[in-house]
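Examination of the molecular architecture
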Amino acid sequence: MWGLLVGVVSYFPAAWYGHRFLEGQGMEPGFMRKLSVFLFASIVSTALGYGVSLVTSSPAHRRAEAGLQRQTLQLLGSAARCTQNPGLPQCSQDRAEAEQLLGKILGGAPAKSH
């Protein structure tokens, strides 16, 4: 949560600094300067938010997140196989696992399929 807050708050000073820096370098106003400022501010705020998240989270929480990321990547690989051949018997089991994983990630009950 602190990482998100720091990332959002740091975007605006980074954008202001980037704008002033490019203006001082003589870059003409326009689309390219706005795009450059946006990219600079986005990268800085994302890095700061990630850094604060890393510092403020516990090692157990980071391990749990890493496990969820591994499970998600495995299910994405399975989903890619199922889109090519939906008749595979593994696909229905993968769908059920995906719903359970979604429930874990969102912190609630698994979503009901319609």
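Here the structure is a predicted model, which is why all the values come from computation and not from measurement.

Topic: the side chain of Ser-57
Counting through the fold element by element, Ser-57 comes out in the loop between α2 (31–56) and α3 (59–84). Judged by relative accessible area, which is 17%, Ser-57 ranks as buried. Polar contacts involving the side chain of Ser-57 include one to the main-chain carbonyl oxygen of Ser-53, which spans 3.0 Å.

So, the packing of aromatic side chains
Tallied over the entire structure, the rule returns three aromatic pairs. Centroid distance Tyr-11 to Phe-12: 5.5 Å. Interplanar angle 90°. Geometry classified as edge-to-face. Centre to centre, the rings of Tyr-17 and Phe-40 are 6.4 Å apart; their planes meet at 45°, and the pair counts as tilted. Note that Tyr-17 is positioned in helix α1 (residues 2–24) and Phe-40 in helix α2, a separation of 23 residues in sequence. Here a set of aromatic residues connected by ring pairs shows up, and it is made of Tyr-17, Phe-21 and Phe-40.

What about the packing of α3 against helix α4 (residues 90–106)?
Relative orientation of the contacting elements α3 and α4 amounts to 150°, with a least axis distance of 10 Å. The two elements α3 and α4 meet at a crossing, and its hand is left-handed. Here Leu-68, Gln-71, Thr-72, Leu-75, Ser-78 and Cys-82 of α3 lie close against α4, whose contacting residues are Cys-91, Asp-94, Glu-97, Ala-98, Leu-101, Lys-104 and Ile-105. Classifying every residue of the contact of α3 with α4 gives seven nonpolar, three polar and three charged.

With respect to the nonpolar core
Core analysis: the largest hydrophobic core is formed by five residues, namely Ala-14, Ala-15, Leu-22, Val-37 and Ala-41. Secondary-structure elements contributing two or more residues to this core are α1 and α2. When residues of this core are assigned to their parent elements, the largest contribution, three residues, is made by α1. Excluding its chain neighbours within four sequence positions, the residues that come into contact with Leu-22 are Met-27, Arg-33, Ser-36 and Val-37.

Section: the packing of α1 against α2
Here α1 crosses α2 at 150°, and the two axes come no closer than 7 Å. As for how α1 packs across α2, the hand of that crossing is right-handed.

What about the UniProt feature "transmembrane region" (unreviewed entry) in the protein chain?
In this numbering, the UniProt entry assigns the feature "transmembrane region" (unreviewed entry) to residues 35–55. The span residues 35–55 shows a helical share of 100% and a strand share of 0%, and its end C-alpha atoms are spaced 30 Å apart.

Structural notes on the environment of Gln-90
For Gln-90, the position within the fold is in helix α4. Look at Gln-90 and you get partly exposed, because its relative accessible area is 40%. Each C-alpha atom of the pair Gln-90 and Trp-16 lies 52 Å from the other, and the pair is 74 residues apart in sequence.

Procedures and definitions
- Residues numbered from 1 in each chain as written.
- Predicted model: local features only at pLDDT ≥ 70, side-chain atom pairs only at ≥ 80, totals over all residues.
- Heavy atoms only, no water.
- Helix = DSSP H or I, 4+ residues; strand = E, 2+ residues; numbered from the N terminus.
- Buried < 20%, exposed > 50% of the residue type's maximum accessible area, 1.4 Å probe, protein only.
- Polar contact = N/O pair within 3.5 Å; in protein donor to acceptor, adjacent residues only side chain to side chain.
- Phe/Tyr/Trp six-rings, centres within 6.5 Å; stacked < 30°, edge-to-face > 60°.
- Axes fitted to C-alpha atoms, helices over the stretch in contact; angles between N-to-C directions.
- Left-handed = near helix turned anticlockwise from the far one by under 90°.
- Contact = heavy atoms within 4.5 Å.
- Nonpolar A, V, L, I, M, F, W, Y, C, P; charged D, E, K, R; others polar.
- Core = buried A, V, L, I, M, F, W, Y, C linked by side-chain atoms within 4.5 Å.
- UniProt positions renumbered as here; feature names shortened; annotations may be inferred.

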